Amino acid sequence: MIAEETLVNQLQQTETQASAFGVLVETYKERLYWHIRRIVLNHDDTDDVLQNTFIKVYKNISNFKGDSKLYSWMYRIATNEALSFLKVKSRMMGVSDSELQDRLVENLEADVYFEGEEIQLKLQKAIATLPEKQKLVFNMKYFQELKYEEISEILETSVGGLKASYHLATKKIESYLKEQKEYL
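Residues numbered from 1 in each chain as written. Predicted model: local features only at pLDDT ≥ 70, side-chain atom pairs only at ≥ 80, totals over all residues. Heavy atoms only, no water.

All right, on to the UniProt feature "domain: RNA polymerase sigma factor 70 region 4 type" (unreviewed entry) in the chain then. As annotated in UniProt, the feature "domain: RNA polymerase sigma factor 70 region 4 type" (unreviewed entry) corresponds to residues 121-173 in the numbering used here. Secondary structure over residues 121-173 splits into 81% helix and 0% strand, and the C-alpha atoms at its two ends are 13 Å apart. (UniProt positions renumbered as here; feature names shortened; annotations may be inferred. Helix = DSSP H or I, 4+ residues; strand = E, 2+ residues; numbered from the N terminus.)

The next point concerns empty space enclosed by the protein. Throughout the structure, instances matching the rule amount to one cavity of 30 Å³ or more. As a volume, the largest cavity reaches approximately 40 Å³. What lines the largest cavity is R38, I39, L41, Q101, Q124, I127, A128 and K135. The element contributing the most residues to the lining of the largest cavity is helix α6 (residues 118-128), with three residues. Taken together, the residues that form the lining of the largest cavity break down as four nonpolar, two polar and two charged. When residues are assigned to domains, the lining of the largest cavity turns out to be shared by domain 1 (1-114) and domain 2 (117-184), each giving three or more. (1 Å grid on protein atoms, 1.4 Å probe; cavity = no way out; pocket = protein on both sides within 12 Å on 5 of 7 lines; lining within 4 Å. Points joined across faces, edges and corners; volume = space filled by probe spheres on them. Nonpolar A, V, L, I, M, F, W, Y, C, P; charged D, E, K, R; others polar. Domains from an automatic or database assignment.)

What follows is about the UniProt feature "domain: RNA polymerase sigma-70 region" (unreviewed entry) in the chain. Within the UniProt annotation, "domain: RNA polymerase sigma-70 region" (unreviewed entry) is assigned to residues 24-91. What you have in residues 24-91 is 84% helix and 0% strand, and the ends, taken at the C-alpha atoms, are 33 Å apart.

Moving on, we come to the layout of surface pockets. Taken as a whole, the second largest pocket spans an internal volume of roughly 260 Å³. Forming the boundary of the second largest pocket are 15 residues, of which L86, D97, Q101, E132 and K135 lie nearest the centre. Of all the elements in the fold, those that place two or more residues in the lining of the second largest pocket are α4 (70-93), α5 (97-108) and α7 (132-143). By residue number, the principal contributor to the lining of the second largest pocket is α5, which donates four residues. Class assignment of the residues belonging to the lining of the second largest pocket gives a composition of eight nonpolar, three polar and four charged. Both domains that meet at the lining of the second largest pocket, namely domain 1 (1-114) and domain 2 (117-184), each give it at least three residues.

This part covers the packing of helix α1 (residues 4-11) against helix α2 (residues 14-40). Helix-helix packing is described using two parameters, namely the angle between the two axes and the distance between the axes. As a packed pair, α1 and α2 sit with axes 7 Å apart at the nearest point and diverge in direction by 135 degrees. Taken together, the axis directions place α1 and α2 in an arrangement best described as oblique. Considering how the two elements wind past one another, α1 and α2 form a crossing that is left-handed. When α1 is examined against α2, the residues E4, L7, Q10 and L11 are found in contact with a partner set consisting of T16, Q17, A20, F21, V23, L24 and Y28. Across the contact of α1 with α2, the residue classes break down as seven nonpolar, three polar and one charged. (Axes fitted to C-alpha atoms, helices over the stretch in contact; angles between N-to-C directions. Parallel < 35°, antiparallel > 145°, perpendicular 65-115°, else oblique. Left-handed = near helix turned anticlockwise from the far one by under 90°. Contact = heavy atoms within 4.5 Å.)

The next thing to look at is the environment of L123. As for its position among the elements, L123 is in helix α6. Counting along the chain gives 91 residues from L123 to L32, while the straight-line C-alpha distance between them is 21 Å. Every residue in contact with L123, bar those within four places of it in the chain, is listed here: Y142, F143, I173 and L177.

The subject of this paragraph is the confidence of the model for the chain. Looking at the chain, the pLDDT average stands at 89 and 92% of residues meet or exceed 70. The secondary-structure element of the chain with the lowest mean pLDDT is α5, recorded at 77, while helix α3 (residues 43-60) shows the highest, at 96. (pLDDT = per-residue confidence, 0-100.)

This is how it looks when you write it as structure tokens:
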């Protein structure tokens, strides 16, 4: 794998930009796909947001200063693109953000690309009930196994705040799952 600093330099040079961008896409597309997928929940929407993310990265790579890691910068772009996509989608459908989340989770059952079992579906339903920041923090920590320091860089927030958000998210998910178990 190419060193990040070398990749950034190649991305910012006109003569090497195209080939370096191919390396960038190959290196990060799967990780970014799953990051976005956990936010928008739908495969086709994820593909659209992923494409928009890479377009933004390509257009703005010359502005990348190296103050953060390249993947942190791209994750931030992907996160913002995914959240913007959901806001536009909820407005177009004339529903609230939480109603949209409910619909997206319900649609997971019919999504041929969702390979989860019943417990994973219940977990996704529990995650959908979380406030946006807790949802992001939980997904990044639990599914992507990112360190708090990496999440802090991506979301531009304190490690202490992230730990609190993650703790609250796990408690809410636990409570939701216990509640669902009682109804069965």
